[in-house]
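# Coordinate analysis (summary)
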Amino acid sequence: MTDPPRAQRTPPLLTRIDHVGLAVHDLDSSIEFYEAAFGLTVAGRETNETQGVREAMLYVADGPAGSSYVQLLEPLGPDTPVGKFLASRGEGVHHIGYGVVDVAAALEQLRADGIRLVDEQPRHGSLGASIAFLHPKSVGGVLTELVQATGAS
Ligand code: V0V
Ligand code: CO
């Protein structure tokens, strides 16, 4: 893992867990499972060609810094991030998405700290959010997503 920055950030860069991203083979049956087993409801569904996924956000709870979700991710093909992950590791936790106040500013700070970025610029994410990924090799093996929700922190 990259050495931690010298000074602790105040306030923290990450404001909440926005979502846990799960790689699944079949989006529809996975949604049905999460609805039936846990009583969750779908807040939004989208096909994101740039990210190579069909995805759904299932609402879990509100917190002081915003809402939290489970994100179910079905790959659009084998040569996509989630397709490759499913082939090598099978279904399971694919990434963690954390809330940030300003994703562009967060990327700039993390780049300056030497953390490897997947995205140099924010991209379009689920529910209208602005998102960017940090490389798992720089974050202890965890694919990490920064999420600036629409009109919120
Ligand atoms: C790959 N690796 C992972 C990983 N995916 N490690 C932890 N978690 C993951 N999810 C490791 C893998 O085990 C290898 O380690 C190494 O990275 C290279 O793997 P690879 O299969 O060759 O993959 P790459 O290098 O082609 O791509 C890996 C990255 C890629 C992380 C760069 O997956 C990527 O660009 N991800 C960001 C985009 C994304 O995931 N989109 C889908 C979600 P060893 O074997 O070398 O040690 S879209 C989304 O969440 C949205 C829209 C939203 O929330 O709104
Ligand atoms: Co995500």
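Residues numbered from 1 in each chain as written. Chains lettered and ligands numbered in written order. Predicted model: local features only at pLDDT ≥ 70, side-chain atom pairs only at ≥ 80, totals over all residues. Heavy atoms only, no water.

## Observations regarding the site of ligand 1
What counts, and what does not: Residues are counted as near a molecule or strand when any one of their heavy atoms sits within 4 Å of it. Polar contact is the term for a pair of N or O atoms within 3.5 Å; when the atoms are in protein, one must be able to donate a hydrogen and the other to accept it, and sequence-neighboring residues count only if both atoms are side-chain atoms. Surface exposure here means Shrake-Rupley accessible area, sampled with a 1.4 Å probe, where a residue is shielded only by the protein chains that are shown. Grid points spaced at 1 Å over the protein atoms alone were grouped into cavities, where a 1.4 Å probe fits but cannot get out, and pockets, open sets with protein on both sides within 12 Å along at least five of seven lines, with lining residues defined by an atom within 4 Å of a point. Molecule-in-pocket calls rest on the fraction of atoms, with more than half required to lie within 2 Å of the cavity or pocket grid points. The secondary structure listing takes helices from DSSP runs of H or I that are at least 4 residues long and strands from runs of E that are at least 2 residues long, numbered from the N terminus.
Taken together, 23 residues form the shell around ligand 1, and within it Lys84, Arg89, Ser126, Lys137 and Glu145 come nearest. A distance of 2.9 Å separates an oxygen atom of ligand 1 from a polar side-chain atom of Gln71. Between an oxygen atom of ligand 1 and a side-chain N or O atom of Glu145, the distance comes to 2.7 Å. With the chains in place, 71% of the 1100 Å² that ligand 1 exposes on its own is no longer accessible. Under a 2 Å grid-point criterion requiring more than half of the atoms, the pocket assigned to ligand 1 is the largest pocket. Among the elements of the structure, β4 (66-75), α2 (81-89), β5 (92-99) and β7 (130-134) are those that each provide at least two residues to the shell around ligand 1.

## Quick look at the coordination of the cobalt ion (ligand 2)
Test applied: Each metal's donors comprise the N, O and S atoms found within 2.8 Å of it (within 3.2 Å for Na, K or Ca). Water is not part of the atom list, so some coordination spheres may appear incomplete. In this scheme the shape depends on donor count and angles: four donors with every angle between 85 and 135 degrees give tetrahedral, four or six donors with opposite pairs above 155 degrees and others between 65 and 115 give square planar or octahedral in turn, and any other case is irregular. We call a residue buried when its accessible area falls under 20% of the maximum for its residue type, exposed when it is over 50%, and partly exposed in between, using a 1.4 Å probe and counting protein chains only.
Each protein donor to the cobalt ion (ligand 2) is listed here as His19 (NE2), Gln71 (OE1), His95 (NE2) and Glu145 (OE); together their distances run 2.1 to 2.2 Å. For the cobalt ion (ligand 2), the six donor atoms are set out with angles of 80 to 175 degrees between them, so the coordination reads as octahedral. Mapping the donors of the cobalt ion (ligand 2) onto the primary sequence gives the spacing H-x51-Q-x23-H-x49-E. Linking His95 in strand β5 with Glu145 in strand β8 (residues 144-148), this pair joins segments that are 50 residues apart in sequence. Using a relative accessible area of 3% as the deciding quantity, one classes His95 as buried. Take Glu145: its relative accessible area is 4%, and that puts it in the buried class.

## Re the layout of surface pockets
Note the threshold: Grid points are joined across faces, edges and corners, and a volume is the space filled by probe spheres set on the points. Note on residue categories: nonpolar means Ala, Val, Leu, Ile, Met, Phe, Trp, Tyr, Cys or Pro, charged means Asp, Glu, Lys or Arg, and polar means any other residue, Gly included.
The volume enclosed by the largest pocket comes to roughly 900 Å³. Elements with a minimum of two residues in the lining of the largest pocket: β1 (16-23), β3 (53-63), β4, α2, β5, β7 and β8. For the lining of the largest pocket, the element with the most residues is α2, which contributes six residues. Taken together, the residues of the lining of the largest pocket break down into 19 nonpolar, 16 polar and ten charged.

## Considering the environment of Val70
Relative to the helices and strands, Val70 is located in strand β4. Here Val70 falls in the buried class, since its relative accessible area comes to 13%. Between the C-alpha atom of Val70 and that of Gly21, which follows or precedes it by 49 residues, the distance is 6.3 Å.

## Concerning the nonpolar core
Our working rule: Nonpolar cores are built from buried Ala, Val, Leu, Ile, Met, Phe, Trp, Tyr and Cys residues. Side-chain atoms within 4.5 Å join them into one set. Note on contacts: a residue pair is in contact if any heavy atoms of the two residues lie within 4.5 Å.
Formed by Leu13, Val100, Val103, Ala106, Leu107, Leu110, Ile115, Leu117, Ala132, Leu134 and Leu146, the largest nonpolar core amounts to eleven residues. Only α3 (103-112) and β7 provide two or more residues apiece to this core. Take this core: its biggest share by element is four residues, from α3. Aside from chain neighbours lying at most four places away, what touches Ala132 is Val103, Leu107, Asp119, Thr144, Glu145 and Leu146. With ten residues, the next largest nonpolar core counts Val24, Leu27, Leu40 and Ala56 among its residues.

## Brief notes about unusual backbone geometry
Even without glycine at this site, Leu127 takes up a positive phi of about 55 degrees. Mapped onto the secondary structure, Leu127 falls in the loop between β6 (123-124) and β7.

## Here's the deal with α3
The cut-off we apply is this: Think of the arc as the fan of directions from the helix axis to the C-beta atoms.
Taken as a whole, α3 has its buried residues at Val103, Ala106, Leu107 and Leu110. Taken end-on, α3 shows its buried residues confined to a sector of 100 degrees, consistent with a single buried face. Residues of α3 that are exposed and point more than 90 degrees away from the buried face comprise Glu108 and Ala112. Summarising the contacts, the buried residues of α3 are in contact with β7 and β8. Measuring from the backbone nitrogen of Ala104 back to the side-chain oxygen at the start of α3 gives 3.1 Å, which picks out Asp102 as the cap. At the exit of α3 stands Gly114, carrying a positive phi of roughly 85 degrees.

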